[in-house]
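The lines below spell out each chain.
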Amino acid sequence: MTETSTAPETTGLEHFAYDNKSVKLFAYATAFWGLIGMTVGLLAALQMVFPSFNLTAELTFGRIRPLHTNAVIFAFVGNGIFMGVYYSLQRLLKTRMFSDLLSTIHFYGWQLIIVAAAITLPLGLTTSKEYAELEWPIDIGIAVVWIIFGINMFGTILKRRERHLYVALWFYIATWVTVTVLHVGNSLEIPVGLWKSYPLFAGVQDALVQWWYGHNAVAFFLTTPYLGLMYYFLPKAANRPVFSYRLSIIHFWALIFIYIWAGPHHLLYTSLPDWAQSLGTVFSLMLIAPSWGGMLNGLLTLRGAWDKVREDPVLKMFVVAITAYGMATLEGPLLSIKSVNAISHYTDWTVGHVHIGTLGWNGMLTFGVLYYIFPRLFSTKLYSKSLANVHFWIATLGTVFYAVPLYWAGWTQSAMWKQFLPEGMLQYGNFLETVSAILPMYAMRAFGGAIYLAGVILMIYNLIKTVQQGKFVANEPAAAPPLSASPGGHKGEYWHRWIERRPVQLLVGSTILVLIGGLAEVFPMVIVEDNVPKIASVMPYTPLELQGRDIYIREGCNNCHSQMIRPFRSETERYGQYSKSGEFIYDRPHLWGSKRTGPDVHRVGGKYPDSWHYRHMEDPQSTSPGSIMPDYSWLLTRKLNNDLLPAKIRVLQTLGTPYEEGYDEQAIADAEAQAAIIATSLRNDGIEDAELEQKEIIAIIAYLQRLGTDIKTTK
Amino acid sequence: MKVFSINFLLQATPAPETVVGGPLGGMSVLEQLLFTLIILVVLGGGLAIINLSSTMLKLQQARLLASTNPDLIKEVGLENLTKPTSWWDELMKKLTDRVPIEKEASIVLDHDYDGVRELDNNLPPWWKGLFYASIVFAPIYLYFNHFADSAASTQELYAMEMAEAEEDVKAFLATQKNAIDESNVILLADADALSNGNIIFQSKCAVCHGKEGEGGIGPNLTDEYWIHGGSIIDVFKTIKHGVPEKGMIAWKNDLRARDMQEVASFILGLVGTNPPNPKEAQGELYIISVEEPEGAEESK
């Protein structure tokens, strides 16, 4: 390390001001959306214990759950990222943000997207793809705002006064480019109308792309930007040097390269080809060390500062955040081992695991940063340190109370699903028995979530008081020497110093690295036909079934019901033969689901009479006593709207679904004919409704009765 | 509010022991090894935490004493804390290979970012080992799962699981005398059996056939008309295999043979009870012969 230092030059200091206004706005938004997102989460948690909390169609669990995930990921953590980046970027580069106008557009644009999400998701306008539920017009909005953020960030980097980019910035850059790639890749869809689209890929391929996205949304939205924040705020708050520069380098590059490959671990034992599943497993295991590199660098930076940790709520929050990060990033790879996944998948274990990451890592780190930033923005002290300490304990306990019951619930339910009697039948043949058994755990989880939320409210009070007692400095004066000439490469220089001076090369390098894993997995799946063996008897959906499927998507049924029977005895005994990849080739989007709050429905077709489904949607407890499913009585009264149907057929034809030429003109008549048959069958069972044929319930019954039957008929 | 009764407590209690056996039983040797390893790591972590907290306690004690009464430190035997050269410290030093805080100045890099400086510590050897090991493991895993002679696809593993289960069930059933099936099922008349049949009926059948068998989604069970036959054998068969095309569920995967016999006997006892709101009769007239409890065959 013979780097020449950046000691003051003879030319003197340049004077400028940091933009604190944008930071303040993002900080306010972070706290506000955190409160909203977690309140919605609490509502969802209560709905699982008390179905009567499903107040209206707009507030049913199937629509509320995506609202919760989107709000906490993109609104709470998203604004948290921008707050931290805008604060640290300026200070690490000794310059003001590139453009105040872009900063403003970025802030209001992002809030507009959040509001759009908060309106459209309860209305049932959704793509159903997890963490990417927003429909195509909002997708475009996200892309535009994200690119504005990118321009603003790179503009700032280019006019920097600091030659070398600090490790936090490597993470910001990798975050930006990877989220761009992921968002575009997973949003490839063809619009049918303003609020409806069908994805480019179908079935298994759609699932793989979705989880390449979903997994890396966790990686590059919840992890890498927050590691960047940790690298800035932790050493600042502790006033200690970062433990190891070399560790930063290795774990950064290894992390971004390996993370991308691990997506298929969300699809273990599904119809995804074995080779892709195995890649998901081994890359997940290789991810342990690079993930822990961040944890080690964080915790070991605190060497010699543990006294301060005892005193300072900011550092306390950071320590718990980093510890939770370490636990979640060990647990994730363990869950990617197939035999462990066979137990955990579809259960609350996954939900518990995720919340260690979000409540522990993202939540606590955000709280720490907020407590750090507010007094500095308002040039005052935190209003109450003891209140922050109380928040720390509440948040920690809340996380524990939230996660432990869910681990317990997951293990209990999984064991019950798999339990056989010696006679060869399932001990708990009725899925509901396994739900009733874990309801007390769901109640405890709601309690844990509630106290975590109470902590957030305490924090907001504390921050408001801090704002009131302080004086905001919108433009914080700063001074730094101008950018020194690039020292160029010189003998003995550590190799990595070179790329730290070159943001463009750093951007290109990380882009190439993150593209490798995605391309290596997605391309063979799309191009090699052997990966999805065709099944001759699998036919496209009829128009009415298609309409029913879109209602299934609108209601968010996939949030609780999977459509993927894994090749286990315990699943084929319960649900019927396991799912084959060839069955899903007309599924746009795939609806495999990731959590079974209710039973799998892939082979529900033909299992119950039409009238059973009618009664079940009207009042689930009437056909399934003790069920926690909300009622969908509006399906019985709302009329099916077939206006978009011809356009849907045409779009699907474009995408390769083999409807015959000109079928779009016949689709509505066919739908009505099929509806008449189902209405007759319902009337025969004593259901009275003069306009039965026109109701939405008919379409969803048509779809449910079709599910999984294509390969039954061949037997 | 009916949705949150305490029934779940009652339902959650049966057969907890059999439940627990599940996950570990199905593990291969390799998985058990891995599992043991994980447990050891967790235990090790626990010990480390205990060790750490006791050390911290002592440190705190020493710190307090140093500020109030330095002489006491020697008396209570805490003076060794200032010279930490235990095996534990040696081990930690080996594992982390870090430069001690006092000598840290020698590895501070000569740049700072907004006051943040970086040390140039070595990569912790245990971390490097973990990383290398996970990289080495990847090709081994892929080889054994996809290229070795013993490699089995998910489908093959499923077929093996099913074959094994089938044998186990066969072996178990061989030990059971007088297994009930459609060839030998008889009508039961004892009160215990019928009351058990009633419980099953209410929890599984009443949803479609009505609480008193009057019919609903499914046909009326209280009249003398039967769509699929009204003998005990017929009813047992209908329950066991279902009539999937008409919506009757097959219960053979949910109910034991004895349970199905009891509920079938209960259902036949409903005939002629004339509950309110009956569904119209469907199927053919079937008169139950009086001697049926003795000889089920002749009803055919």
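Residues numbered from 1 in each chain as written. Chains lettered and ligands numbered in written order. Predicted model: local features only at pLDDT ≥ 70, side-chain atom pairs only at ≥ 80, totals over all residues. Heavy atoms only, no water.

Chemist: For this particular structure, what's the right way to read the overall build of chain B?
Modeler: If you tally the helices and strands in chain B, you get 11 helices and four strands. Sorting the 300 residues of chain B into buried and exposed places 30% on the buried side. Restricting the contact set of chain B to residue pairs at least 6 apart, pairs at least 24 apart contribute 60%. Summing over all exposed atoms, chain B offers an accessible surface of approximately 19,000 Å²; the carbon and sulfur share of this is 63%. (Helix = DSSP H or I, 4+ residues; strand = E, 2+ residues; numbered from the N terminus. Buried < 20%, exposed > 50% of the residue type's maximum accessible area, 1.4 Å probe, protein only. Contact = heavy atoms within 4.5 Å. Areas by Shrake-Rupley, 256 points an atom, 1.4 Å probe, with all protein chains shown as cover.)

Chemist: So what exactly am I meant to see when it comes to the domain arrangement of chain A here?
Modeler: Residues and elements named next belong to chain A. What the domain assignment lists for chain A is domain 1 (18–163), domain 2 (302–484) and domain 3 (543–706). Measuring from the centre of the C-alpha atoms in domain 2 to the corresponding centre in domain 3 gives 37 Å. Contacts between domain 2 and domain 3 engage 22 residues on the former and 22 residues on the latter. Taking both partners together, domain 2 and domain 3 bury about 1,700 Å²; carbon and sulfur atoms supply 61% of that area. Here domain 2 is connected to domain 3 by one salt bridge. Salt-bridge contacts for D348 lead to K595; the nearest nitrogen and oxygen are separated by 3.5 Å. There are six residue pairs in polar contact (both at pLDDT 80 or more) connecting domain 2 and domain 3. Contributions of two or more residues to the side of domain 2 that touches domain 3 are made by α12 (338–344), α13 (348–377), α14 (385–417), α15 (431–436) and α16 (439–469). (Domains from an automatic or database assignment. Buried area = accessible area lost by both parts, 1.4 Å probe. Salt bridge = Lys/Arg side-chain N within 4 Å of Asp/Glu carboxyl O. Polar contact = N/O pair within 3.5 Å; in protein donor to acceptor, adjacent residues only side chain to side chain.)

Chemist: So what exactly am I meant to see when it comes to a negative patch on the surface here?
Modeler: Residue and element names in this part refer to chain B. Where like charges cluster on the molecular surface, the negative patch consists of E161, E164, E166, E167 and D168. Looking at where E164 falls in the secondary structure, it is placed in helix α8 (residues 154–175). A relative accessible area of 54% places E164 in the exposed class. (Patch = residues over 30% accessible without salt bridge, like charges linked within 9 Å, V, L, I, M, F, W, Y side chains within 5 Å. Lys, Arg positive; Asp, Glu negative; His and termini not counted. Charge placed at Lys NZ, Arg CZ, Asp CG, Glu CD.)

Chemist: How should the packing of aromatic side chains be read in this particular structure?
Modeler: Centre-to-centre distance and the angle between the planes together describe a pair of aromatic rings. Residues and elements named next belong to chain A. Under the definition given, this model contains 59 aromatic pairs over all chains. Note on F26 and Y86: the rings are 5.2 Å apart at their centroids and 50° apart in plane angle, and the pair reads as tilted. Taken as a pair, F26 in helix α1 (residues 20–49) and Y86 in helix α2 (residues 61–93) lie far apart in primary sequence, 60 residues in all. Grouping residues by exposure puts F26 and Y86 together as buried. (Phe/Tyr/Trp six-rings, centres within 6.5 Å; stacked < 30°, edge-to-face > 60°.)

Chemist: Would you mind going over the confidence of the model for chain B with me for this structure?
Modeler: Predicted coordinates in regions of low pLDDT should not be interpreted in detail. Residues and elements named next belong to chain B. Mean pLDDT over chain B works out to 81, with 82% of the residues at or above the 70 mark. By mean pLDDT, helix α2 (residues 16–20) is the weakest element of chain B at 40, and helix α7 (residues 125–147) is the strongest at 95. Note that residues 291–300 has pLDDT below 50 and, in this model, 15 contacts with residues that lie over four places away or in other chains. (pLDDT = per-residue confidence, 0-100.)

Chemist: Explanation requested: the nonpolar core in the structure shown.
Modeler: Generally speaking, soluble globular proteins have nonpolar side chains that are buried together. With 201 residues, the main nonpolar core has A:W110 and A:F367 as its most contacted residues. Looking at this core, the element that brings in the most residues is helix α6 (residues 203–238) of chain A, giving 22 residues. Discounting chain neighbours no more than four positions away, the residues touching A:W110 are A:F74, A:G78, A:N79, A:F82, A:I105, A:I142, A:V145, A:W146 and A:F221. In terms of nonpolar packing, the next biggest core, distinct from the first, is built from 75 residues, A:V604, A:Y614, A:Y703 and B:I232 among them. (Core = buried A, V, L, I, M, F, W, Y, C linked by side-chain atoms within 4.5 Å.)

Chemist: For this particular structure, what's the right way to read a nonpolar patch on the surface?
Modeler: On the surface, A:L515, A:L519, A:F523, A:V526, A:I527 and A:V528 cluster together to form a nonpolar patch covering roughly 490 Å² of accessible area. Among the structural elements, A:F523 can be located in helix α18 (residues 503–527).

Chemist: I tried to follow the pattern of salt bridges on my own but got confused; where do I start?
Modeler: In a structure, side chains of opposite charge can pair up when their charged atoms sit close to one another. Residues and elements named next belong to chain A. Summed over the entire model, instances satisfying the criterion amount to 33 salt bridges over all chains. Note that D100 and R96 form a salt bridge whose closest N and O atoms lie 2.9 Å from each other. Notably, a salt bridge pairs E500 with R497, separated by 2.7 Å at the nearest N-O pair. Placement of both E500 and R497 in helix α17 (residues 495–500) is noted, with a separation of three residues, approximately one turn of the helix. Here the salt bridges do not stand alone but share partners, grouping R63, R554, E555 and E696 into one network.

Chemist: Help me understand helix α3 (residues 100–120) of chain A, please; the structure alone is not making it clear to me.
Modeler: One turn of the α-helix equals 3.6 residues, which is why residues spaced by three or four share an orientation. All names here are of chain A. With 21 residues, α3 extends 30 Å from end C-alpha to end C-alpha; this agrees with the ideal 30 Å at 1.5 Å per step. Those residues of α3 that fall on the buried side of the exposure criterion are L102, S103, H106, F107, G109, W110, Q111, I113, I114, A117 and T120. In this structure, the buried residues of α3 make contact with β1 (14–19), α1, α2, α4 (136–158) and α6. Of the residues that open α3, the one with a side-chain oxygen 3.2 Å from the backbone nitrogen of L101 is S99. (Expected span 1.5 Å × (residues − 1).)

Chemist: Would you take a moment to explain the interface of chain B and chain A for this structure?
Modeler: Frequently, the measure chosen for interface size is the accessible area removed from exposure when the parts meet. Listed per partner, the contact involves 73 residues of chain B and 96 residues of chain A. Both sides together, the interface formed by chain B and chain A hides about 7,400 Å², and carbon and sulfur atoms give 64% of it. By the criterion of area lost to chain A, the three top residues of chain B are B:Y113, B:D114 and B:I217, representing 10% of everything that side buries. Here chain B is connected to chain A by six salt bridges. In this structure, B:D114 and A:K236 form a salt bridge, with 3.4 Å as the shortest nitrogen-oxygen distance. On the surface where chain B and chain A come into contact, there are 20 residue pairs in polar contact (both at pLDDT 80 or more). With 11 residues, α7(B) is the single largest residue contributor to the side of chain B that touches chain A. In terms of residue class, the side of chain B that touches chain A is built from 41 nonpolar, 14 polar and 18 charged. (Nonpolar A, V, L, I, M, F, W, Y, C, P; charged D, E, K, R; others polar.)

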